[in-house]
Amino acid sequence: MREPSALPVIAFVGRSGAGKTTLLCSVVRILASKGLRVAAIKHAHKGFEIDYPGKDSMRLREAGANPVLLVSPTRRAWVEELVHSKEPELAEAIALLGPRRIDLLLVEGFRAEGVPKIELVAPGLGPPFCQDDPALLAVASEGALSLPTGVRSFDRNDAAGVAGLILETSGLAASRRRGQPPPQAKNRLSLEDARRRLGEEMAPSQTEEEVTLSQSAGRILARELLSPVDLPSAPTAAMDGYAVRASLLEEGGAEFRVVGTAAAGAPFSGSLPEASCVRIFTGALLPEGTDLVIAQEAALLRGEKVLLPGGFPSGENVRLRGENLIRGQKLLSAGTRIGPRALALLAAIGSETVCVRPRLRVGLLCTGKELRPLGEPLGPGEVYDSNRVFLSAALRELGVELTDGGIVDDDPKLLEERLDFLAERVDLLVTTGGVSVGEGDYVGKLLTQRDAVVLRQIAVKPGRPFLFGRWRGKPFFGLPGTPAAVFVLFYDLVGALIRSQMGEVPSGARARLPTLSRIRKRAGRTEYWAGRLVSGPRGEPAFAPVSLADAAGFFPAASADLLALLPEESDCVEVGEAVEVVFLPK
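**Q** So what about the overall build of the chain? Which residues, and what values?
**A** Across its full length, the chain holds eleven helices and 36 strands. Computed over C-alpha atoms, the radius of gyration of the chain comes to 34 Å, more than 25% over the 25 Å expected from 2.2 N^0.38 for 586 residues, which places it beyond the range of a compact globule. If one aligns the C-alpha atoms of the chain with their principal axes, the spans along those axes are about 105 × 80 × 45 Å. In the chain, which comprises 586 residues, the share counted as buried stands at 43%. For the chain, restricting intrachain contacts to residue pairs at least 6 apart in sequence, the fraction spanning at least 24 positions comes to 68%.

**Q** So what about the sheet that holds strand 21 (residues 361-367)? Which residues, and what values?
**A** Read across the sheet, six strands follow the order 24-21-25-29-28-26 without closing on themselves; strand pairing throughout is mixed. The open sheet has two edge strands with one neighbour each: strand 24 (401-408) and strand 26 (453-456). Taking each pair of neighbouring strands and ignoring which way they run, the sheet shows an average axis angle of 20°. As defined by bridge partners, strand 21 adjoins strand 25 (residues 428-432) across five bridges and the pair is classed as parallel. Residue pairing for strand 25: valine 362 is matched across the bridge by leucine 428.

**Q** Give me the side chain of serine 517: which residues, what numbers.
**A** Positionally, serine 517 belongs in the loop between strand 30 (510-514) and strand 31 (519-520). Classification of serine 517 by relative accessible area gives buried; the value is 18%. Beyond its immediate stretch of four places on either side in the chain, serine 517 contacts Pro545, Leu548, Val573, Glu574 and Val575.

**Q** Tell me about the confidence of the model for the chain, residues and numbers included.
**A** On average, the chain scores 87 in pLDDT, and the residues at 70 or more come to 95%. Helix 11 (residues 554-558) is the least confidently modelled element of the chain, averaging 73 in pLDDT, while strand 25 averages 97, the highest of any element. Confidence over residues 1-5 falls short of pLDDT 50; this stretch has nine contacts with residues more than four positions distant or in other chains. Every residue in residues 175-185 is under pLDDT 50, and counting partners more than four places away or in other chains gives 23 contacts.

**Q** Could you give an account of the nonpolar core, naming the residues involved and the relevant values?
**A** Counting 43 residues, the largest nonpolar core has Val400, Phe466, Phe477 and Ile498 as its most contacted members. Of all the elements in the fold, those that place two or more residues in this core are helix 5 (191-201), strand 21, helix 7 (386-397), strand 25, strand 29 (474-479), helix 10 (483-501), strand 32 (526-535) and strand 34 (562-566). Each residue touching valine 400, except ones within four places of it in the same chain, is listed here: Leu360, Val362, Leu395, Ile498 and Met502.

**Q** An account of the pairing of strand 15 (residues 292-295) is requested, with residue identities and associated values reported.
**A** The side-chain alternation of strand 15 yields two buried faces, one formed by Leu292 and Ile294 and the other by Val293 and Ala295. Strand direction decides the pairing type here: strand 12 (residues 241-244) and strand 15, joined by four bridges, are antiparallel. Across the sheet, the residue bridging to tyrosine 242 is isoleucine 294, located in strand 15.

**Q** If you had to explain helix 2 (residues 56-63) to someone new, which residues and values would you point to?
**A** The complete set of buried residues in helix 2 reads Ser57, Met58 and Arg61. The arc that holds every buried residue of helix 2, seen down its axis, measures 95°, which confines them to one face. Turned more than 90 degrees away from the buried face of helix 2, the exposed residues are Asp56, Arg59, Glu62 and Ala63. Contacts made by the buried residues of helix 2 are with strand 3 (68-71) and strand 4 (76-79).

**Q** Let's hear about a nonpolar patch on the surface: which residues, and what values?
**A** On the surface, Leu374, Leu378, Tyr384 and Val389 cluster together into a nonpolar patch covering about 390 Å² of accessible area. By the element assignment, leucine 378 lies in the loop between strand 22 (371-372) and strand 23 (383-384). Classification of leucine 378 by relative accessible area gives partly exposed; the value is 39%.

Rules of the game
Per chain, residue numbering runs from 1 following the sequence as it is written. Two thresholds apply to this predicted model, a pLDDT of at least 70 for residue-level local features and 80 or more for giving and counting side-chain atom pairs, whereas whole-chain, interface and lining totals are computed over all residues. Hydrogens and water molecules were not included; the side-chain quantities draw on all heavy atoms of the structure. Per the convention used, a helix needs a DSSP run of H or I reaching at least four residues, while a strand needs a run of E reaching at least two, with both numbered from the N terminus. A radius of gyration in this sense is built from C-alpha atoms; the matching globule rule multiplies 2.2 Å by the number of residues raised to 0.38. Each residue's exposure class comes from its accessible area (1.4 Å probe, protein chains only) as a fraction of the maximum for that residue type: buried when under 20%, exposed when over 50%, partly exposed otherwise. Contact definition: two residues touch when any of their heavy atoms are within 4.5 Å. Pairs of strands are assigned from DSSP output, requiring at least two bridges between the strands. Lines fitted to C-alpha atoms define the axes, with helix axes restricted to the stretch in contact, and inter-axis angles between N-to-C directions lie between 0 and 180 degrees. Known as pLDDT, the predictor's confidence for each residue is given on a scale from 0 to 100. Nonpolar core, defined: a set of buried Ala, Val, Leu, Ile, Met, Phe, Trp, Tyr and Cys residues in which side-chain atoms within 4.5 Å join the residues together. The arc refers to the directions leading from the helix axis to the C-beta atoms. Patches in this entry comprise residues that are over 30% relatively accessible and not in a salt bridge; like charges within 9 Å are linked, as are nonpolar side chains (Val, Leu, Ile, Met, Phe, Trp, Tyr) within 5 Å. Only the protein chains shown count as cover for residues, and all accessible areas are computed by the Shrake-Rupley method using a 1.4 Å probe. A pair is scored as a salt bridge if a Lys or Arg side-chain nitrogen falls within 4 Å of a carboxyl oxygen belonging to Asp or Glu.

Here you go:
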C-alpha cells in the first residue's frame, strides 16, 4: 500500500462537454487491465444527487439520518449532508480514501490545484484553461494547438497515448504490476502483433508489365505517372462567344466585323484584319492575335458586325496553356488502383499503354464434409458453401486472377492433393475450415507436419483460429469455417495484405467514430462489431451496431457499412467513446 503522500495524482480538466469523463473511463480501463488499482475522484456540481425517490438510503436521509453508510459484501457508499458547504479541496477528498491499496489516483476537475493535469479541449467550447499552468502535462484536442514547451499533445480519443503518459509520469511504467494482465492464451498473438508479423512475411510485388489502356482497369500502377504534355496545349475558349484583342476594346465597347468561326477541332486559320473578331465556341483554340472571349449573351449582333462591351481584361473566359496540367506534373503515385477516373486521365494525356503490377494468382479452397454447392439438395447437418461465394466475389473485387479449387472433404489425402494442384498454378492460397485443433481439422495438421506454420491463432473474436503459413513456398491463409470470421478477417486483415502483395498503396479507409451504444466485451482480445454509419446527437458521424446480440454475425454483416474494432484492453465501450472502424465496400 502506498502512503497518501506518495500516491501519484493526475487531474483531467477542461470545459463542460469537452469529453473528460469519456477519456477518463477509457484510460482507467487501460490502466486497470495492466493490473493497477486505480481510484477516481470527480469534482461534482453543488447539489448533485446520487439517490432517487423511494430508495431506502434517500428515505433515511429525508428522515434526518446523517451520514448514511450503505454496506454490502461487494460495495460501500457513504452519503453525507454538509451543513457549511464550501468548495472542496483535493487533499480533503484524498484523505477520505483512507489506507486503501491504491496505485494511482485520477481526478476529474480540481483545475486550481497544483497537481499534474491533462486538459481536454473541444472546438466551440472556448479557449483552454491551463495553458499558463506549470503543472500542465498535456492537452488532448481535436486538432493542432499552440502549446508551451514541454507540454505533450494528443488526439482527444487517444486513450492509449494518454495512459502511456500517465504511466511514464507517475513512475508506474517500470514498477511491478499488481494482479494479472488480461487473459490471453499461450501463443495467441494480439491483432497488432499479427499485423506486424504478416506484413513482414508479405513483401509487395516489385515486378511489372506493360498493358494497353483498355486492359489496365482495376490494375495497380507500377510507376509514378508524370504528365508528358501541357493541357490545354494552347489557349482555348472557356465559353461560346467572340474572340477579340482586349487592347482594341474601348471603355464603352466597340463594333467589330465577324470574319470567321473557330470550333473545337476546327480552328480559325490566318490573321485577323483590323477591327475584326472571330465567332468562337467552347474548347476552340484562340485565333492568333486574340486574347479575350466575350460571352455571346453580352454581345449585340448587327448583320456582319457585332457590338462588344468594354471593361474586360486580357485572358477573360480563356483557358491558358497548361492551366489543367503542366508537362512533368505528377498525376498518379505508384500503387494507385486504376479506376474510371484514372483511365480518363490516362486517355487525356494520350497514354496508349501503362506499366502495372502483374495480377496476383490466388487459389481458393473450402473444406468440410458438411458443405454443399448451390443447387444441390441439403442432407441432415449440411449447409450451402456461402464462404466460397463471398470470397470468390471479394477476391475478384481486388483484381486477382482466381482459381477456384471448389469444396474438399475432411480427408487429409484429398486435401493434400488439392493443395498441391493449386500451389503449382497460383501465387497465394486461401482456405476456409480445418484450422483449429479438432480431430478433423486437417489443414492445420498438414502445415504443422511440414513445419510450415508461421502464425497460428489471433486474440480476436470472431476469427481466433486463424492460420498463416506456406505451402510449397506459397503464402497460405487458413481462415476458420465460420462465415462471420471469414467476413471480418478478410476485410480487416487478409484483403489488405493481398492488396499490399499486389503493390497497392493502402487506401486508409479507416476512422475513429463515437459509438451510440454501450457494448460489453471480454478484455484480452479485439472484438469485431458490424454496424452502420449514422448521425450522432450533434449531427457528427457515428457508429451504431447493427445487432447487440450477434456482433459480427452473418446477417448483421450483410447490411453493415462499417466494421468496428473494439480495443483489446477494454471490457466495455461506453456511449460516446471513439472506436476504430473499417469502411466496408458496397
